[in-house]
Amino acid sequence: FGSRAGPRFRVGMDIRPEAHRNSAPKLNEAQRELLAKAFRVAARRGSGGKLRKDIVARVLPAELPRLLRGCGCVLTAADIEALLDGVPEVGVELDGFLRLVERSATRRPAAEKELLEALRALDLSGTGTLEPKILRDLLSSMGNVAAEELDEVLQGLPRNRLGRVDCRVIASRLVKGPQGIQSC
């Protein structure tokens, strides 16, 4: 749920990596601290709720897409596959996770016009509208977005008399993200 103006990060504050000439964006110290907190929560969840000081904190590859999205990275299935390529089965430590976040920032977020075209392709009725439940089920079945996240994005969208939502409204909401979440 990024914007055309910048990378796709949200962790309670603006965490756009700083762009450096001829290199991938780099996170500043405040961004690294916020992302480290999210990483520790995910690592703790993956280790049964406890992190011992004598064991290196890691997040398994299966948990990384959810963690990256939770930190505001907008990723397609292809993006996830590319990012996870080379991630060891034992998972990544904090530094590896931060590199993944920086790498994910190099992808240009979808523009509203592109999203609108994709949504209209799903509209079999030709009315320029979609049924929210069908869109939610379709997107969540792809395995990249949790149904709860989609519910939050689709919540409160104006519906027509048939309960369908205009594709333009959906595209706009997807670009902006859920209300109350700071976007970049």
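Please refer to the structure higher up on the page.
Here's what I pulled together on the structure shown here.

What counts, and at which threshold
Residues numbered from 1 in each chain as written. Predicted model: local features only at pLDDT ≥ 70, side-chain atom pairs only at ≥ 80, totals over all residues. Heavy atoms only, no water. Helix = DSSP H or I, 4+ residues; strand = E, 2+ residues; numbered from the N terminus. Buried < 20%, exposed > 50% of the residue type's maximum accessible area, 1.4 Å probe, protein only. Contact = heavy atoms within 4.5 Å. Areas by Shrake-Rupley, 256 points an atom, 1.4 Å probe, with all protein chains shown as cover. Polar contact = N/O pair within 3.5 Å; in protein donor to acceptor, adjacent residues only side chain to side chain. Phe/Tyr/Trp six-rings, centres within 6.5 Å; stacked < 30°, edge-to-face > 60°. Salt bridge = Lys/Arg side-chain N within 4 Å of Asp/Glu carboxyl O.

### Some details on the overall build of the chain
Item 1. Looking only at helices and strands, one finds eight helices and two strands in the chain.
Item 2. Reading the helices (α) and strands (β) of the chain from amino to carboxyl end gives α-α-α-α-α-β-α-α-β-α.
Item 3. Buried residues in the chain amount to 39% of all 184 residues.
Item 4. A fraction of 63% describes how many contacts in the chain between residues 6 or more apart in sequence connect residues 24 or more apart.
Item 5. Of the roughly 10,900 Å² of accessible surface on the chain, a fraction of 53% belongs to carbon and sulfur atoms.

### Observations concerning the environment of threonine 129
Item 1. Mapped onto the fold, threonine 129 is located in strand E1 (residues 129-130).
Item 2. When the C-alpha positions of threonine 129 and valine 169 are compared, they lie 9.2 Å apart, and in sequence the two are 40 residues distant.
Item 3. There is a polar contact of 2.6 Å between the side chain of threonine 129 and the side chain of threonine 127.

### Structural notes on the packing of aromatic side chains
Item 1. In total, this model carries one aromatic pair according to the counting rule given.
Item 2. Plain terms: the ring middles of phenylalanine 39 and phenylalanine 97 are 5.6 Å apart, the flat faces sit at 35° to each other, and that makes the pair tilted. Taken as a pair, phenylalanine 39 in helix H1 (residues 29-46) and phenylalanine 97 in helix H4 (residues 94-104) lie far apart in primary sequence, 58 residues in all. Both residues of the pair, phenylalanine 39 and phenylalanine 97, count as buried.

### Notes on the pattern of salt bridges
Item 1. Following the criterion strictly, the structure yields six salt bridges and no others.
Item 2. The shortest N-O distance in the salt bridge between arginine 32 and glutamate 102 comes to 3.9 Å. Taken together, the residues span a long stretch of sequence, with arginine 32 in helix H1 and glutamate 102 in helix H4 at a distance of 70 residues.
Item 3. Residue class for arginine 32 comes out partly exposed when judged on its relative accessible area of 25%.
Item 4. Taking the shortest distance from any N to any O, the salt bridge between arginine 168 and aspartate 166 comes out at 3.0 Å.
Item 5. Given a relative accessible area of 49%, arginine 168 falls into the partly exposed group.
Item 6. Several salt bridges share partner residues, and in doing so they unite Lys133, Arg136 and Asp137 into one network.

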